[in-house]
Amino acid sequence: MKKAKFVVVAAMALVFLTTGFGFAQTQAQVKEWRVPFLNCLTGAIASIGEYLQWGAERAALEINQAGGIKGKPVKVIGVDTALDPQKGSVEMARIVEEVTLVALGPVPEPVIMAAMPIAVENGMMSVTATTSYEYAVKFFPWTVSWFPPTEQRLGELVAAWAALHPAMKTVVQFVEPYGPWPGMAEAHVKGLTSAGVKVLPKVDVPSDAVTFGPLVVKAMEQKPDGIVFVCNAEKIAKIIRELKSRGWTKMDHLLVFSSGDAPELYATGGADINGVEIYNYINPNLDTPRWNAFKEAYMKAHNGNQPPSLSTNYYDAVYMIKRAIENTAVTGDPKKLKEERKMIAEYMANMKDFHGIMFNWDMKNGVPTNKPTFIFSIQDGKKKLVKEVKP
Amino acid sequence: MSLALYYYLSITAVNILMSWALYVPYRMAHLHFITVANMAISGYTAGYLVMALHVPFTLALAIGFLLGGLIGYLVSLFIGDAPTFAVVIVGFTFITITRTVIENMPAVGGTMGMFGLPNIGGSPSVHRFVILGILYGLVVLVGFLIHRFDHCSLGRAASAVFVDKDLAVSLGIDIRKLGILLQTFSCTLAGGCGVLYGFIYRSYHLDFFTFHLVGITMTIIFVGGYATMWGTVLAAPLLYGIPLLFPPEIASWRIVIYGALLILVLVLKPEGFITRRSVHCVEAFLSRRQKN
Amino acid sequence: MQVLIAQIINGLSLGSIYVLLVTGFNLLLLVAMIIHFAYPQVVVFSMYITWVVLQLTGNNILLGVLAGVGSSVLLNLISAPLFQKVMKNRGEVDINSTMVLSLAMGMIITDVLSHSFNRGLPIAFPEQISESTPVLRIGLITILSGQVWSLGVGVVAVTGFFLLLYKTRAGRAFRAIAEDPSGARLVGIPLLKTGLESYALTGILGGIIALLLATLLGSASPGLGEQVALKVLAVSIIAGLGNLPGGLVVGLLLGILEAVAQGYISGTWSNVIAFVVMLGVILMKPSGLFGTKL
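Residues numbered from 1 in each chain as written. Chains lettered and ligands numbered in written order. Predicted model: local features only at pLDDT ≥ 70, side-chain atom pairs only at ≥ 80, totals over all residues. Heavy atoms only, no water.

1. Overview of the overall build of chain B
Scanning chain B from N- to C-terminus turns up 13 helices and 0 strands. Ordered by position from the N terminus, the helices and strands of chain B form the series α-α-α-α-α-α-α-α-α-α-α-α-α. Computed over C-alpha atoms, the radius of gyration of chain B comes to 19 Å, within 12% of the 19 Å expected from 2.2 N^0.38 for 292 residues, which places it in the range of a compact globule. When its C-alpha atoms are laid out on the principal axes, chain B stretches across 55 × 45 × 40 Å. A total accessible area of about 10,600 Å² is found for chain B, and carbon and sulfur atoms account for 70% of it. Of the charged side chains in chain B, 16 are positive and 10 negative; the average position of the first set lies 10 Å away from that of the second. (Helix = DSSP H or I, 4+ residues; strand = E, 2+ residues; numbered from the N terminus. Rg over C-alpha atoms; globule rule 2.2 N^0.38 Å. Areas by Shrake-Rupley, 256 points an atom, 1.4 Å probe, with all protein chains shown as cover. Lys, Arg positive; Asp, Glu negative; His and termini not counted. Charge placed at Lys NZ, Arg CZ, Asp CG, Glu CD.)

This is the structure in structure tokens:
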């Protein structure tokens, strides 16, 4: 019997080793700048992951067409985490052990929580360009925040929105409990209150809600003049349809938050969201050769659909990496991996006058200091600029 | 040891333990999904104790086990002998309720999650050593306990209940007490796993404890073999590890592959790859060789 | 009072979704002894097929509906033999095997939808199907045409299938082959033909449910089935497995409970309240409020 148990234990060990062999370290000489992108290419938000990946690969294509980075091509490698923290952590562990100077992602927040501590522990920057400041700051200096602190920025923004509608005296919010969204709703409250608007008790939106009649009745019972939406894009569209069916007509008194500016909003909302206002950090109406080329390429690859607001985030992130490599003594030499990772992180955290696809901005200690925000009105699936709100 | 291997081994160990936590009550045909809720409750509690109250990790871990066991015991008083589908619904219900409660608790991070759990032992390498040691120590201990259970009268009683509940009652088996015992054990194990799971990542997020985890553990049990504990030991590292080696085009279809594999196994090999018969055959073969 | 009435109407609307899905779920249980946990995902799949055909044919409603019904029938016919194979004993409900099998099917359907249809984005149905014109609006009280249809058809479906299964020869044959195939064969019921007819019937119901959900919701997403699957199973168990009238009553009551909880307490806690009530009922009366019909 003892021998039987020994054989069984040995068999178990063999199984572990066989499946663990894929994690052997490799140290190849770098012929290209490999930038892994921990992304959700499958699963519930695969549609978002797809255009994030597209943006990053578009940047790589442009950079390579222009001669690469220090003469070497850049390659963005999509690493699917499938929204699974178990997968995300192992993939990040593999990435930090390879000759990787910097990574992109992870996306979204649960995978950030599981995987970023690994990057931090190993001194490698991973650019989380789609999460809020409140998540990113926990992992400084090994990531940068794409957005300024929520409370500081959003307060000014919604106050500016309220100022556009002086007749709007009361506002109610639809808030879904996910990640930083409740915090964003709190920031809205402060901003609206400072603008003299009374914020009515919020309406919580359950994550698994399929109909929204009860929530809309609850909101309308309070007789708000305006409504702010802090929930999933698809739900926002459905709530707006429900509002309209119950007689809501003041479409410009509806404000969608930035995370709601996603293809799901337009796919589900259609003409029902015409006139609704939305805030975000990019202006798709810009008329520059670079943006026009990006927009044209995106629409060609996506059946004529406009590029979503987040599609430029990792595009810009790849260009930031390019600039960091070009402006530091980074060589890609595996022997200098630790110092070069640190160089890139330090440079990116305090980059001055970065030329993003939309506008230029500065980074200070990992936080953007001068990104504008915009308020738009939606019309037939397109956004028309209503106001630019500068910091 | 490479970092990736550490994460692979530690998460595999958690998957083995959580699958065993499901295996034990399933021996009497109860799909006891409340274990995922136990993970979340004990995990967040331990995280709060360590971060806010500076309780030592070992004490927090012990509390995690005890809390899981207490919840499991209290619930099992009601569902120890309940029909299978009632147990399933209770499990799913607890997962939903737990999520909602945690979402609304700013003290444990609410919807944002809990960040920055400390390294045990003060350094990352010591932390990893400790976590891996505890996990595989648990795998050995729990494996031993389950092995003893499977080969004693309790295990035979559970098998009788699985096959024919009415016959088991007529044989004098107290289904309720057996159910309470197995469910309490299962929840105790799950509670400890929840604590360790968060300390692997050094953070907690609600989306660590979802129905997706139920799907993973179920796939491990049913593909590996639900009639013996060894099926889990085989399936957990393979089902987690092999997709990591897939090229991206195939890896993106991982969930479809899991689902198809589960269906194939259920149709062609209902007991899973490792059946009770195959374990008996291996044991008999090795015994014969030993005698020779 | 106006708010309460409005919430009750909302609750009836939500409840009608549960009623429709539970009716299909219970029908599969009665005619094939299958606990199809992923039945809502199958219905959502039919919604997607309907949408694809509408896109391809320039919103030809008839073709879209036929495609939806056809896909539901086809999925049923493909999956039914798998369920039959895994059930240990014909004539008994084997929850463990059928639940696991259906969970696996649900995983596949949801992932295929998020991979391969509309780039994983939600789909929106055209105005001709999902028009949200109010039939009645008094203050906060609004009744939409889609709500009327789904509730009406839900009640008709429950009544119709109840009569079919319990008052007609064909229905007795369906139940006989599910409960005791050997006995059914002995009395001369053709197993294959009757079995195929029963699966086709549930498939047709699935297609109709898909159309009604498209009318009521106006859109669908890959995760829609998963969002309601747990509640559908819970409604069926609380009412009593296989109990068609019970499913109608409990489905509507659950919808009203959720709507009132969302309206008066909190959206996020409404789920907890609904589940705690369900939990209480299951623990007190595991065979269901109205008794199981198996």
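Now that the structure is up, let's keep going.
2. Considering the pattern of salt bridges
Residue and element names in this part refer to chain A. Under the definition given, this model contains 24 salt bridges over all chains. For Arg-153, the salt bridge is made with Glu-156, and the minimal N-O distance between the two is 2.3 Å. Note that Arg-153 and Glu-156 are positioned in helix H6 (residues 150-164) at a spacing of 3 residues, about one turn of the helix. On the basis of relative accessible area, Arg-153 is assigned to the buried category, the value being 2%. A salt bridge links Lys-244 to Asp-272; the nearest nitrogen and oxygen atoms lie 3.6 Å apart. A residue pair is termed long-range when its members are at least 10 positions apart, and Lys-244 in helix H9 (residues 233-245) and Asp-272 in the loop between helix H10 (263-269) and strand E10 (277-280) qualify at 28 residues. Several salt bridges converge on common partners, so that one network encompasses Lys-87, Glu-91 and Arg-94. (Salt bridge = Lys/Arg side-chain N within 4 Å of Asp/Glu carboxyl O. Buried < 20%, exposed > 50% of the residue type's maximum accessible area, 1.4 Å probe, protein only.)

3. Some remarks on the interface of chain B and chain C
Across the contact, 37 residues belong to chain B and 35 residues belong to chain C. Scanning the region where chain B abuts chain C turns up 0 salt bridges. Put simply, chain B and chain C have 1 residue pair in polar contact (both at pLDDT 80 or more) between them. Counting residues per element, the ones that place at least two in the side of chain B that touches chain C are helix H3 (57-79), helix H4 (84-103), helix H9 (211-224) and helix H12 (254-268) of chain B. It is H4(B) that provides the largest number of residues to the side of chain B that touches chain C, a total of 14 residues. Class assignment of the residues belonging to the side of chain B that touches chain C gives a composition of 28 nonpolar, 8 polar and 1 charged. (Contact = heavy atoms within 4.5 Å. Polar contact = N/O pair within 3.5 Å; in protein donor to acceptor, adjacent residues only side chain to side chain. Nonpolar A, V, L, I, M, F, W, Y, C, P; charged D, E, K, R; others polar.)

4. What to know about the nonpolar core
In this structure, B:Trp20 and B:Phe222 are the most contacted members of the largest nonpolar core, which totals 219 residues. When residues in this core are grouped by element, the largest group, 18 residues, is from helix H1 (residues 3-26) of chain B. Formed by 115 residues, the second largest nonpolar core is a distinct cluster that contains A:Val76, A:Val228, A:Phe229 and A:Tyr319. (Core = buried A, V, L, I, M, F, W, Y, C linked by side-chain atoms within 4.5 Å.)

5. Here's the deal with the interface of chain B and chain A
Each partner contributes to the interface: chain B provides 48 residues, whereas chain A provides 46 residues. A combined buried area of about 4,000 Å² lies between chain B and chain A, and 69% of that area is made up of carbon and sulfur atoms. Between chain B and chain A we count 3 salt bridges in total. The residue B:Arg202 makes a salt bridge to A:Glu121 at a minimum N-O spacing of 3.3 Å. (Buried area = accessible area lost by both parts, 1.4 Å probe.)

6. With respect to the environment of B:Met28
Residues and elements named next belong to chain B. Mapped onto the fold, Met-28 is located in the loop between H1 and helix H2 (34-53). Sequence spacing of Met-28 and Phe-162 is 134 residues, and the spatial spacing of their C-alpha atoms is 4.5 Å. Leaving out residues up to four positions away in the same chain, Met-28 has contacts with Gly-80, Ala-158, Val-161, Phe-162, Ile-175, Leu-178, Gly-179 and Leu-182.

7. Quick word on the side chain of C:Thr215
Relative to the helices and strands, C:Thr215 resides in helix H9 (residues 191-217). Apart from the residues within four sequence positions on either side, C:Thr215 is in contact with C:Ile129, C:Ser130 and C:Gly146.

8. Side note on the pairing of strand E2 (residues 74-80) of chain A
All names here are of chain A. By the criterion of burial, E2 is predominantly enclosed, with 5 of the 7 residues buried. As paired elements, strand E1 (residues 33-39) and E2 share 7 bridges and run parallel to each other. Across the sheet, residue Phe-37 finds its bridge partner in E2, namely Gly-78. Handedness of the β-α-β unit built from E1, helix H2 (residues 46-65) and E2 comes out right-handed. (Pairing = 2+ DSSP bridges. Right-handed = clockwise from strand over helix to strand, strands pointing away.)

9. Section: the packing of helix H1 (residues 2-32) of chain C against helix H11 (residues 244-264) of chain C
Residue and element names in this part refer to chain C. Put simply, H1 and H11 touch, their axes get as near as 6 Å, and they point 145° apart. The crossing of H1 and H11 is right-handed. Here the contact of H1 with H11 is built from residues that sort into 16 nonpolar, 11 polar and 1 charged. (Axes fitted to C-alpha atoms, helices over the stretch in contact; angles between N-to-C directions. Left-handed = near helix turned anticlockwise from the far one by under 90°.)

10. Focus on the domain arrangement of chain B
Residues and elements named next belong to chain B. Segmentation of chain B into domains returns domain 1 (3-208) and domain 2 (210-292). Once you take the C-alpha centre of each, domain 1 and domain 2 turn out to be 20 Å apart. Taken together, the 32 residues of domain 1 in the interface contact 24 residues of domain 2. Together, the buried faces of domain 1 and domain 2 total about 2,300 Å²; carbon and sulfur atoms form 75% of this surface. The three residues of domain 1 that bury the most area against domain 2 are Tyr-8, Asn-15 and Tyr-23, which together make up 22% of that side's buried surface. At the level of elements, H1, H2, H4, helix H5 (124-150) and helix H6 (153-163) are the ones that each hand at least two residues to the side of domain 1 that touches domain 2. The leading source of residues in the side of domain 1 that touches domain 2 is H1, at 12 residues. A class-by-class count of the residues in the side of domain 1 that touches domain 2 yields 20 nonpolar, 8 polar and 4 charged. (Domains from an automatic or database assignment.)

11. A short note on the environment of A:His355
Residue and element names in this part refer to chain A. On the secondary structure map, His-355 appears in strand E11 (residues 354-355). Relative accessible area serves as the criterion here: at 45%, His-355 is assigned to the partly exposed category. With 32 residues separating them along the chain, His-355 and Arg-323 place their C-alpha atoms 9.7 Å apart. Once residues lying within four places of it in the same chain are set aside, the contact partners of His-355 are Arg-290, Arg-323 and Asn-360. Among the polar contacts made by the side chain of His-355, one reaches the side chain of Asp-353 at a distance of 3.3 Å.

12. Regarding a nonpolar patch on the surface
All names here are of chain C. On the surface, Met-1, Leu-4, Ile-5, Ile-8, Tyr-264 and Ile-265 cluster together into a nonpolar patch covering about 570 Å² of accessible area. Mapped onto the secondary structure, Met-1 falls in the segment before H1. Owing to a relative accessible area of 75%, Met-1 belongs among the exposed residues under this scheme. (Patch = residues over 30% accessible without salt bridge, like charges linked within 9 Å, V, L, I, M, F, W, Y side chains within 5 Å.)

13. Looking at helix H2 (residues 39-56) of chain C
Residue and element names in this part refer to chain C. Over its 18 residues, H2 extends 26 Å from the first C-alpha to the last, a length consistent with the 26 Å expected when each residue adds 1.5 Å. Burial analysis of H2 places 15 of its 18 residues in the buried class, which makes it a mostly covered element. Directly after H2, the chain includes Gly-58, whose backbone phi takes a positive value near 65°. (Expected span 1.5 Å × (residues − 1).)

14. Examining unusual backbone geometry
All names here are of chain A. Note that the residue after Val-107, namely Pro-108, is joined by a cis bond; omega there is -10°. Here Pro-108 shows up in the loop between strand E3 (102-104) and helix H4 (109-121). Cis geometry is adopted by the peptide bond preceding Pro-141, which originates at Phe-140 and carries an omega value of 0°. A positive phi angle, close to 50°, is found at Lys-70, a residue other than glycine. With respect to the helices and strands, Lys-70 occurs in the loop between H2 and E2. For Asn-303, which is not glycine, the phi torsion reads 50° and is therefore positive. Relative to the helices and strands, Asn-303 is located in the loop between helix H11 (289-301) and helix H12 (313-326).

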